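# Per-entry structural report
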Amino acid sequence: MLDFIEKELSDIKDSGLYRSLKTIEKTDGRTVTIDEKLYLNFCSNNYLGLANHPAVVAAAKEAVEKYGTGAGASRLISGNLVLHEKLERKIAEFKKREAAIVFPTGFMANLGVVSALVDEKDTVIIDRLDHASIIDACKLSRAKLQVFPHRDMNALEKLLGKSQNFGKRLIVTDSVFSMDGDLAPLLDILMLAKNHKALVMIDEAHSTGVLGKTGRGLEEHFNCEGRTDIVMGTLSKAIGSLGGFVAGPKNLIDYLRNKSRSFIYTTALPPASCAAALAALELIEKDLSLLEKLRKNIDYYSSPATERRGSKEPGRSAPGSLSPIIPIIIGPPEKTLEISNQLFTRGILLSAIRPPTVPPGQSRLRLTICAQHTKEDIACLASSLRELIPA
Ligand SMILES: *Cc1c(COP(=O)(O)O)cnc(C)c1O
């Protein structure tokens, strides 16, 4: 019966695409301990170190004391705590929207919102490099799926022109692309959408807490706050907790509470996760030093001190890069894995990202720079990369 599983697994192994887990015994956000050995972590999405911040940890502990470890039911039954509502108000305020709704994960938020908004009579238009959860959300909705090449606005315009009779049209894009670290051309997308009467949804998973003067995301970066119809994001990356959210007009949020199956038929976000996210958002609002530290570290990685500036080598970030995600494209999966393993023997955790997460031939080390890294950490990484990846 399980022959096909054995065969599939051995095929995966033969193509260098086998995935296995590393067991982390301890972590402080900057480092991890594996097999009792300490590693610098250069592949975490905990960009501001908030998952380990004393104030965030204290808020989570207090919530556990007060409410217990689980919410006990879905939001609409008996799981709706004061904490959920406070968190939703805070998110709405942070994203400059009337209202917000939280889901147990970002993945579920995407599933819930896209499938509630469009169906087989409608069309979803996405960037080729959108996150897997957006693609699955589109499939679940059964809407007609139209894909434009990465950041190609001419192609988007053509698709919008051709799909006028395809029901409601919803454009969905990552804000910061999760495997490439580049930004969606939001102003162009908004203009095209307006001309063609389409809706726009952005996925702010990697931009919340990171982009814009005060970390509010892609709209703040482009100075167009409030213009996107639907803002989705996660509490699991820079916010250091778990959970997904959607922010928008009051009636949209009310609609999602009534229609989103991944909101209705699942247990509410645990109290500790809510309290941690709330504390993290409050910290981001009142203390810009974390974001400044993150930006300094990103700049330092691309500075002459690490001999990265202006380098033509694949994956060396351009100076002035805004996102903490820096892809170091190697190409073949086996080679990528080998470099990742060599880094590991030098005390650096930087995982290999291989197909189907990225297109074939584009296996990479997806480096993430965080606020909690020291200059020495970054210099150490840079010198190892110089040695292991010949120019
Ligand atoms: C991580 C991620 C998600 C999923 O968020 P989770 O909270 O981890 O489920 C959705 N979209 C993008 C672009 C992501 O990077």
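Residues numbered from 1 in each chain as written. Predicted model: local features only at pLDDT ≥ 70, side-chain atom pairs only at ≥ 80, totals over all residues. Heavy atoms only, no water.

We now examine the site of the ligand. Around the ligand sit 15 residues in total, of which Gly106, Asp203, His206, Ser236 and Lys237 are the nearest. Phe107 is positioned such that a nitrogen or oxygen atom in its backbone is 2.9 Å from an oxygen atom of the ligand. Within the side chain of Asp203, one N or O atom sits 2.6 Å away from a nitrogen atom of the ligand. Across the complex, the protein chains shield 87% of the 380 Å² of accessible surface that the ligand would expose by itself. Here the shell around the ligand takes three residues from helix H5 (residues 106-117), the largest share from any one element. The class makeup of the residues in the shell around the ligand is two nonpolar, 10 polar and three charged. (Near = heavy atom within 4 Å. Polar contact = N/O pair within 3.5 Å; in protein donor to acceptor, adjacent residues only side chain to side chain. Areas by Shrake-Rupley, 256 points an atom, 1.4 Å probe, with all protein chains shown as cover. Helix = DSSP H or I, 4+ residues; strand = E, 2+ residues; numbered from the N terminus. Nonpolar A, V, L, I, M, F, W, Y, C, P; charged D, E, K, R; others polar.)

Counting 81 residues, the largest nonpolar core has Leu87, Leu156, Ile171, Leu235, Tyr301 and Leu367 as the members making the most contacts within it. The greatest single-element share of this core, amounting to 10 residues, is contributed by helix H12 (residues 271-286). Not counting chain neighbours up to four residues away, the residues in contact with Leu87 comprise Val102, Leu235, Leu269, Cys274, Ala277, Leu278 and Leu281. In this structure, Phe103, Ala116, Val118 and Ile253 belong to the second largest nonpolar core, which totals 27 residues. (Core = buried A, V, L, I, M, F, W, Y, C linked by side-chain atoms within 4.5 Å. Buried < 20%, exposed > 50% of the residue type's maximum accessible area, 1.4 Å probe, protein only. Contact = heavy atoms within 4.5 Å.)

To continue, consider the sheet that holds strand S1 (residues 26-27). Within the open sheet, the four strands sit side by side as S1-S2-S3-S12. Their pairing is mixed. Among the strands making up the open sheet, the edge pair consists of S1 and strand S12 (348-349). Here strand S2 (residues 31-34) pairs with strand S3 (residues 37-41) via four bridges, running antiparallel. Across the sheet, residue Ile34 finds its bridge partner in S3, namely Lys37. (Pairing = 2+ DSSP bridges.)

Looking now at the sheet that holds strand S6 (residues 144-148). In spatial order, the strands read S4-S10-S9-S8-S7-S5-S6; together these seven strands make up an open sheet with mixed pairing. Of all strands in the sheet, those bounded by a partner on one side alone are strand S4 (99-103) and S6. Within this sheet the neighbouring strands show an average axis-to-axis angle of 20 degrees, counted without direction. Direction of pairing for strand S5 (residues 123-127) relative to S6: parallel, over a ladder of five bridges. Bridge assignment links Val124 to a residue of S6, and that residue is Leu145. (Axes fitted to C-alpha atoms, helices over the stretch in contact; angles between N-to-C directions.)

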